[in-house]
Amino acid sequence: RFDGEAKTAIQTYLQSPPSEQAHMLEDRHRRPGKGRVRLTRIRALCDGSETTELSAGSDIELVFDYEITSAEAVTSVRMRVGWTDLMGQPVFACLNNYSGHPIGRLPSPRGSIVVKIPDLPLSEGVYRLSVWIKSQEEMEDVLSEAAEFSVRGGDFFGTGLLLPKDCGHVFV
């Protein structure tokens, strides 16, 4: 918590390490969903190292820490991670049930769900993640603009060439 002038507060926030910024997910009072499971933290690993700056063409792991808040089992879990640009336009989405990675039951009381994205197909820019998680078709947690990541250019095709910025958001 910070008490002071707005300019100093913004500078303090921008200089805080990612782990401190991640605590924003712990505000459980204003989030839609039934709430039997709540996401508590989002971390990104780029080629195995935790970071807020990703690299095009690198292997990415998004780690979603969660907490189960009820005695009921959380089963038949579906999770959607939507990527948007800064204008809010959808870029792509990751959905476990469509990609052949079912989650039968979440272990209690805490754990992590890992979303792996090999060869991150994004061009250089800043992207936001929105996430929802369902159990038995019931919405459990919804986080709009839950995280923001910078993507730096990379050698996506392995040719030694960086693609120009006017090629769109996604490489195929």
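Summarised in this report is the structure supplied together with it. (Residues numbered from 1 in each chain as written. Predicted model: local features only at pLDDT ≥ 70, side-chain atom pairs only at ≥ 80, totals over all residues. Heavy atoms only, no water.)

Examining the overall build of the chain
Scanning the chain for helices and strands turns up two helices and ten strands. When the helices and strands of the chain are listed from N to C terminus, the series reads α-α-β-β-β-β-β-β-β-β-β-β. Each of the 172 residues in the chain was classed as buried or not, and the buried ones make up 37%. Residue pairs in contact within the chain that sit at least 24 positions apart in sequence constitute 64% of those at least 6 positions apart. Carbon and sulfur atoms form 51% of the exposed surface of the chain, whose accessible area is close to 10200 Å². (Helix = DSSP H or I, 4+ residues; strand = E, 2+ residues; numbered from the N terminus. Buried < 20%, exposed > 50% of the residue type's maximum accessible area, 1.4 Å probe, protein only. Contact = heavy atoms within 4.5 Å. Areas by Shrake-Rupley, 256 points an atom, 1.4 Å probe, with all protein chains shown as cover.)

Points about the pattern of salt bridges
Applying the stated criterion across every chain, the model contains twelve salt bridges. Of the charged contacts, one joins Glu-50 and Arg-41 as a salt bridge, the two residues approaching to 3.2 Å between their closest N and O atoms. Judged by relative accessible area, which is 22%, Arg-41 ranks as partly exposed. Its salt-bridge partner being Glu-67, residue Arg-110 comes within 3.6 Å of it at the nearest N-O pair. On the criterion of sequence distance, the pair formed by Arg-110 in strand E8 (residues 110–117) and Glu-67 in strand E4 (residues 60–68) is long-range, its members being 43 residues apart. (Salt bridge = Lys/Arg side-chain N within 4 Å of Asp/Glu carboxyl O.)

Quick notes on the environment of Glu-124
Tracing the chain through its elements places Glu-124 in the loop between E8 and strand E9 (125–135). On the basis of relative accessibility, which here comes to 44%, the residue Glu-124 falls in the partly exposed class. Between the C-alpha atoms of Glu-124 and Val-151, which are 27 residues apart in sequence, the distance is 5.0 Å. Among residues more than four places away in sequence, those in contact with Glu-124 are Val-151, Arg-152, Gly-153 and Lys-165.

Observations concerning the nonpolar core
Counting residues in hydrophobic clusters, the biggest one holds 36 residues, and the most contacted among them are Leu-54, Leu-62, Phe-64, Val-81, Trp-83 and Leu-106. Other than its neighbours up to four places away in sequence, Val-81 contacts Leu-62, Phe-64, Phe-92, Ala-93, Cys-94, Val-115, Leu-129 and Ser-130. (Core = buried A, V, L, I, M, F, W, Y, C linked by side-chain atoms within 4.5 Å.)

Some words on the pairing of strand E5 (residues 75–85)
Among the eleven residues that make up E5, eight are buried, leaving the element largely enclosed by the rest of the structure. Where E5 and strand E7 (residues 103–105) come together, two bridges link them in antiparallel fashion. Bridge pairing in E7 links Val-77 to Ile-103. Pairing of E5 with strand E6 (residues 90–95) involves five bridges; the strand directions are antiparallel. In the strand pairing of E6, Val-81 is matched with Cys-94. Hairpin remark: E5 followed by E6, antiparallel, with four residues in the connecting loop; positive phi at Gly-88, about 85°. (Pairing = 2+ DSSP bridges.)

Points about the sheet that holds E8
Pairing is antiparallel in the open sheet, where four strands are placed in the order E2-E1-E4-E8. Here the strands that pair on one side only, and so sit at the sheet edges, are strand E2 (49–50) and E8. With two bridges joining them, strand E1 (residues 37–46) and E2 adopt antiparallel strand pairing. Note on E2: the bridge partner recorded for Leu-45 is Glu-50.

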